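# Observations on the model geometry
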Amino acid sequence: MDSDVEMFGNISGAERAQHAVLSSFYWLRNDLTKFLTPEFDVLLGEGAREQVTDIINERFNMSGDDPDGRKVGLLDVHQLMCMICDPFFRKWRSKFWLQRSKAELVRKMIDWYVPLDADGSDTLRREVLDDFEQFDSQQGRWFHCFADPLLKTPSQAELESNNSSFGTQEVWKYAEETGLITKRLQFFEVYAGSSVFYQKVAKPLLSMGTVGSMDVERMANPLKNTILTKKRNRLKDDTGVSLLRAHQNLHHIMAAKKLLGKRISDSLQA
């Protein structure tokens, strides 16, 4: 268990890719379910294994959809999007079972990141989709970008069995071999920097790092303490989010100016 905690700690941080979180949740779920044997009911009473299994399945929302009610799942749909954009994730093609419609996920991803054309048509979206399909199947312009041929997809039964078998050591090895965010952006910049799929979808997705819960809490405090207060109870959520973004962007600008050795008043002198 100590090695599992170390592994999970090593994949968090601004330079850690979202794919590492996704694969880590899979091995964590697999490791947890290994203990749910018939002896589990003997130790904790009849029905205990079924109840714990239901809790794990609900929290480990492998489809990326939030559970019903106010419960929050461990995975977000954007982490699944990062997975299908990752040029190295195809190493898991024979083991990773995407537990939702891939076609629906791809279209949702493109609709999220690619706006409609000025005349309301979806020409650019269709162009991005075509480029993604060539990338995912290693065809067209992407044929010579990968060193290894595309792995054969096993049957559904084999895929489900393989998906429940991999654990910590395989994820650890994969993370060490494929690198972090920089390695993925480097791949695209070298082999297909002008790709419309990369520029519009893969680049913003694969640029997202991970942060710890304390960092999230620190960023959310201004929203709770100074923006969405009781005195502003008529402020809509969307407006509050916009104000929070402005607050964070000002912090980023100030940090960048200090890093460059600029004075606060420099912008006023232009």
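Residues numbered from 1 in each chain as written. Predicted model: local features only at pLDDT ≥ 70, side-chain atom pairs only at ≥ 80, totals over all residues. Heavy atoms only, no water.

Turning our attention to the pattern of salt bridges. This model, assessed by the stated rule, comprises eight salt bridges. Across the pair Asp-122 and Arg-126 runs a salt bridge whose closest N-O atoms are separated by 3.1 Å. Each of the salt bridges in this network shares a partner with another, and the network as a whole consists of Asp-65, Arg-100 and Glu-104. (Salt bridge = Lys/Arg side-chain N within 4 Å of Asp/Glu carboxyl O.)

Here the structure, examined in full by the defined rule, presents 14 aromatic pairs. Relative to Phe-188, the ring of Phe-135 lies with its centre 5.7 Å away and its plane at 35°, an arrangement referred to as tilted. In this pair, Phe-135 is assigned in helix 7 (residues 123-137) and Phe-188 in helix 10 (residues 181-192), connecting sequence segments 53 residues apart. Phe-188 shares its class with Phe-135; the two are buried. Measuring from ring centre to ring centre gives 4.8 Å for Phe-188 and Tyr-198, while their planes differ by 5°; the resulting arrangement is stacked. (Phe/Tyr/Trp six-rings, centres within 6.5 Å; stacked < 30°, edge-to-face > 60°. Helix = DSSP H or I, 4+ residues; strand = E, 2+ residues; numbered from the N terminus. Buried < 20%, exposed > 50% of the residue type's maximum accessible area, 1.4 Å probe, protein only.)

A few words now on the layout of surface pockets. In this structure, the second largest pocket encloses a volume near 370 Å³. Along the wall of the second largest pocket there are 17 residues; nearest its centre are Met-83, Arg-93, Phe-96, Lys-102 and Asp-136. Residue classes in the lining of the second largest pocket are distributed as nine nonpolar, two polar and six charged. (1 Å grid on protein atoms, 1.4 Å probe; cavity = no way out; pocket = protein on both sides within 12 Å on 5 of 7 lines; lining within 4 Å. Points joined across faces, edges and corners; volume = space filled by probe spheres on them. Nonpolar A, V, L, I, M, F, W, Y, C, P; charged D, E, K, R; others polar.)

Contact geometry of helix 6 (residues 102-113) with helix 7 gives a least axis separation of 10 Å together with a crossing angle of 130°. The angle between helix 6 and helix 7 falls in the class oblique. In the crossing of helix 6 with helix 7, the sense of the turn from one axis to the other is right-handed. Here Lys-102, Val-106, Arg-107, Met-109, Ile-110 and Asp-111 of helix 6 lie close against helix 7, whose contacting residues are Arg-125, Val-128, Leu-129, Phe-132 and Asp-136. Counted by class, the contact of helix 6 with helix 7 contains six nonpolar, no polar and five charged residues. (Axes fitted to C-alpha atoms, helices over the stretch in contact; angles between N-to-C directions. Parallel < 35°, antiparallel > 145°, perpendicular 65-115°, else oblique. Left-handed = near helix turned anticlockwise from the far one by under 90°. Contact = heavy atoms within 4.5 Å.)

Turning to the packing of helix 10 against helix 11 (residues 196-206), a few remarks are in order. In the contact formed by helix 10 and helix 11, the axes pass within 10 Å of each other and the chain directions differ by 170°. The angle between helix 10 and helix 11 places the two elements in the roughly antiparallel class. Contact residues: Ile-181, Arg-184, Leu-185, Phe-188, Glu-189 and Ala-192 in helix 10; Phe-197, Tyr-198, Ala-202, Lys-203 and Leu-206 in helix 11. By residue class, the composition of the contact of helix 10 with helix 11 is eight nonpolar, no polar and three charged.

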